[in-house]
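Observations on chain architecture
Residues per chain are reported as follows:
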Amino acid sequence: MGMTITEKILAKAVGKAKVVPGQLVDAKIDIVMCHDITTPPAISMLEEKGIDKVFDREKIVVTPDHFQPAKDIKSAELHKRLDGWAKRHNIKYYYKIGRAGVCHALLPEQGHIRPGEVIVGPDSHTCTYGAFAAFSTGIGSTDAAAAIATGQLWFKVPASMKFVLNGSLGPGVYSKDVVLAVIARVGTDGARYKAMEFVGPALKDMSMEARMTITNMAIEAGAKSGIIGFDDVTKQYLDEHLKDKTDYTVYESDSDAQYDAVEEFDCSAIEPMVALPHLPSGGVPIGECAGKEMDQAYIGSCTNGRIEDLRIAAGILKGKQVAIRTLIVPATPVIWKQAKDEGLFDIFYEAGCVISAPTCGACLGGFMGVLAAGEKCVSTTNRNFVGRMGHPESEVYLASPATAAASAVEGKLADPRSFL
Amino acid sequence: MAKAHVYKRDHINTDEIIPARYLNTDDQAELARHCLEDLDKDFVNKVKEGDVIVAGEDFGCGSSREHAVWAIRGAKVQTVIAKSFARIFYRNAINNGFYIIESPDALEKINDGDEVEIDYKAGLIKNKTASIDISFNPLPDFALEIINDGGLLEHITKRTTD
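Remember, predicted model here, so these are calculated numbers, not experimental data.

Observations concerning the interface of chain A and chain B
Across the contact, 48 residues belong to chain A and 40 residues belong to chain B. Between chain A and chain B the total buried area reaches about 3600 Å² when both faces are included, carbon and sulfur atoms providing 58% of it. At the boundary of chain A and chain B, one finds five salt bridges. Residues Arg-91 of chain B and Asp-143 of chain A are paired through a salt bridge, measuring 2.7 Å at the closest nitrogen-oxygen approach. A per-element tally of the side of chain A that touches chain B places helix H5 (residues 141-150) of chain A first, with six residues. A class-by-class count of the residues in the side of chain A that touches chain B yields 23 nonpolar, twelve polar and 13 charged.

As structure tokens, then:
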């Protein structure tokens, strides 16, 4: 019996020829991602237990992002703890404010994600990096503490589900619509504990940015990880972004690998999707919800705050005026500069949007765009749980940057295809 | 006697358990004051030491924030009984030495306010109010080892010292 790409990566990480789903393994970690909310508690735990050490100062990547720039005194204290620790251990890849950005956009962009590696981070959307044929999963703070100190972590090898993305996307339809359609079908816990492996011809035409939007939301189906195989698109991105360590191993699933389920999608038939409150699985085609009045549009986050997303939004906003509060949040300083250099900021400014510094900010109801009671926000983020972006009586509608931009212009949920 | 706080809901997520507006601290006592705030504002006033939370499928889905476990433990809740748990919440509970119970039947057999007693060794939830016993599968051995050591870091330290 063959192995999936996920099983092969984990087998390598434990130095075995084979692992099987359900097996408990102690895997070697290649990269630990650290941010400002969940890493400070991990640091305190290590200090309290008297094991304040790091397994490898070159394999830990640190970026404050959630509440940065500090939104209040308590957040500033978290940043101070993170900063003191990173400096004390001489962490090589510590992105301070000015170079810090939304972690899951920043790490690939700065060349820290390589195929075949095991990447963990105390953030549920760490599954994003699976777009690079890596095993990558979100963990808690205690896990992070263990990984930081020992470079090892326990895992149950996940069974895999295969998602075959057939066809090609129509105009105005993007990878966000695909992943919302996937989650709408399998449900918020349809892939619980599993690895979601995405394959199929529709991926060929997707950039790494677009692919990351898909793996980013694997957790929204309850998955342990999301993964996409290596191809020319992956190679080109890596050639352009890897810096210090440029070697990597490419694994692929065997043709006789075992899957718990295989789900086929005809991407040509997928329409722009909106996930209605209050679950990411609440996706419906735009035709079923267009016209619903909104109070805010949010374009940013680790799901859709990359340059391609900003270009798509700008394409729709060009020469138009937004009818509601519209926040543009480039995910990293590099993306911010790129958007500025390409003239996208002028388009956003003319349209009446506000442009923010890179931050996770309002995606999780932190700051910079928090919602009042009863307000509705069309958002390119990944979660629409109760109270996610602010007041428990506010509502979040998840959509692509195109749908969010079109909705910003109309002031209500709108089909981006009429703007093309 | 432990009282059950029953929520007939699936997908009770980490945003409801501890909203992100409180993530600027990792102080357990402070987090506990906002436990389940966006699900049930009154929970913190009702809960007593040793009480249990009972819920449906996929409890703790969403964010990796361990603050969810800390808020619940900080509120002196003895355990959470759910039909199933989201993956990271499950890890976080074990890593904190916090025993959680997966039971397909508990939600149907326990009403809000029922008095319950839990025999962890025997894998038995005793509903004293309804006079019924509900069995559950104890956590797997590796999880018990971590819990018995007091959490993952204690487990690692012990293992290294041994």
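Picking up where we left off.
A short note on the domain arrangement of chain A
Residues and elements named next belong to chain A. The domains assigned to chain A are domain 1 (5-16 + 23-265) and domain 2 (276-419). A straight line from the C-alpha centre of domain 1 to that of domain 2 covers 24 Å. Each partner contributes residues to the interface: domain 1 has 39 residues there, and domain 2 has 36 residues. Across the domain 1 to domain 2 interface the summed buried area is about 2900 Å²; carbon plus sulfur atoms make up 63%. Considering only the surface of domain 1 that becomes buried against domain 2, Val-102, Tyr-174 and Lys-176 emerge as the three largest contributors, covering 19% of it. Between domain 1 and domain 2 we count one salt bridge in total. The salt bridge involving Glu-220 is made with Arg-383; its shortest N-O contact spans 3.1 Å. Put simply, domain 1 and domain 2 have 20 residue pairs in polar contact (both at pLDDT 80 or more) between them. Counting only elements with at least two residues in the side of domain 1 that touches domain 2, the list comes to helix H4 (103-109), helix H6 (175-186) and helix H8 (208-216). Per-class residue counts for the side of domain 1 that touches domain 2 are 16 nonpolar, 15 polar and eight charged.

Considerations on the nonpolar core
In summary, soluble globular proteins display a tendency toward joint burial of nonpolar side chains. Trp-85, Leu-317 and Phe-348 of chain A together with Phe-59, Ile-72 and Ile-125 of chain B are the most contacted members of the largest nonpolar core, which has 143 residues in total. Take this core: its biggest share by element is seven residues, from helix H11 (residues 307-317) of chain A. Viewed by domain, this core spans two of them, domain 1 (5-16 + 23-265) and domain 2 (276-419) of chain A, each represented by three or more residues. Ranked by size, the runner-up nonpolar core spans 42 residues in total, among them Phe-163, Ala-202 and Met-217 of chain A together with Ile-88 of chain B.

Some words on empty space enclosed by the protein
Over the atoms rolls a probe the size of a water molecule, and its path tells where empty space is left. Enumeration over the complete set of coordinates arrives at three cavities of 30 Å³ or more. What lines the largest cavity is a set of 23 residues, among which His-66, Asp-123, His-125, Leu-364 and Arg-388 of chain A lie closest to the centre. Of all the secondary structure elements, the ones that give two or more residues to the lining of the largest cavity are H4 and helix H10 (301-304) of chain A. A breakdown of the residues in the lining of the largest cavity according to their chemical character gives nine nonpolar, ten polar and four charged. Split by domain, the residues of the lining of the largest cavity number at least three in each of domain 1 (5-16 + 23-265) and domain 2 (276-419) of chain A. Approximately 100 Å³ is the volume found for the second largest cavity. Residue lining of the second largest cavity: 14 residues in total, with Ile-219 and Gly-222 of chain A together with Cys-61, Gly-62 and Ala-86 of chain B positioned closest to the centre.

Quick notes on the sheet that holds strand E3 (residues 60-62) of chain A
Residues and elements named next belong to chain A. Within the open sheet, the five strands sit side by side as E4-E3-E2-E5-E6. Their pairing is parallel. Edge positions in the sheet fall to strand E4 (93-94) and strand E6 (135-138), since each has one partner strand and no second. Sheet analysis places strand E2 (residues 31-34) next to strand E5 (residues 118-121), joined by two bridges and oriented parallel. Pairing of Val-32 across the sheet is with Val-120, part of E5.

What counts as what
Every residue gets a number counted from 1 within its own chain, in the order that chain's sequence is written. Chains carry letters and ligands carry numbers; both start at the beginning, A for chains and 1 for ligands, and go up in the order they are written. Totals for whole chains, interfaces and linings use all residues, but because this is a predicted model, local features are given only for residues with pLDDT of at least 70 and pairs of side-chain atoms are given and counted only at 80 or more. Computation of side-chain values covers all heavy atoms of the structure but excludes hydrogens and water. Here, two residues are considered to be in contact whenever any of their heavy atoms come within 4.5 Å of each other. Buried area: the accessible area, evaluated with a 1.4 Å probe, that two parts lose upon being put together, summed over both parts. Whenever Lys or Arg places a side-chain nitrogen within 4 Å of a carboxyl oxygen from Asp or Glu, that contact is recorded as a salt bridge. A helix here means a DSSP run of H or I that spans at least four residues, while a strand means a run of E at least two residues long, and both kinds are numbered starting from the N terminus. When residue character is reported, Ala, Val, Leu, Ile, Met, Phe, Trp, Tyr, Cys and Pro are called nonpolar, Asp, Glu, Lys and Arg charged, and the others, Gly included, polar. For each domain, the first and last residues come from an automatic or database assignment. In protein, a polar contact requires one atom able to donate a hydrogen and another able to accept it; more generally it is a pair of N or O atoms within 3.5 Å, and residues adjacent in sequence count only if both atoms are side-chain atoms. Buried Ala, Val, Leu, Ile, Met, Phe, Trp, Tyr and Cys residues form a nonpolar core when they are joined through side-chain atoms within 4.5 Å. With a 1.4 Å probe rolled over the protein chains alone, any residue whose accessible area is under 20% of its type maximum counts as buried; one over 50% counts as exposed, and the rest are partly exposed. The method works on a 1 Å grid over the protein atoms by themselves. A cavity is a set of points holding a 1.4 Å probe that cannot get out, a pocket is an open set with protein on both sides within 12 Å along at least five of seven lines, and residues with an atom within 4 Å of a point line them. Grid points are joined across faces, edges and corners, and a volume is the space filled by probe spheres set on the points. Strand pairing follows a simple DSSP-based rule, namely that at least 2 bridges must link the two strands.

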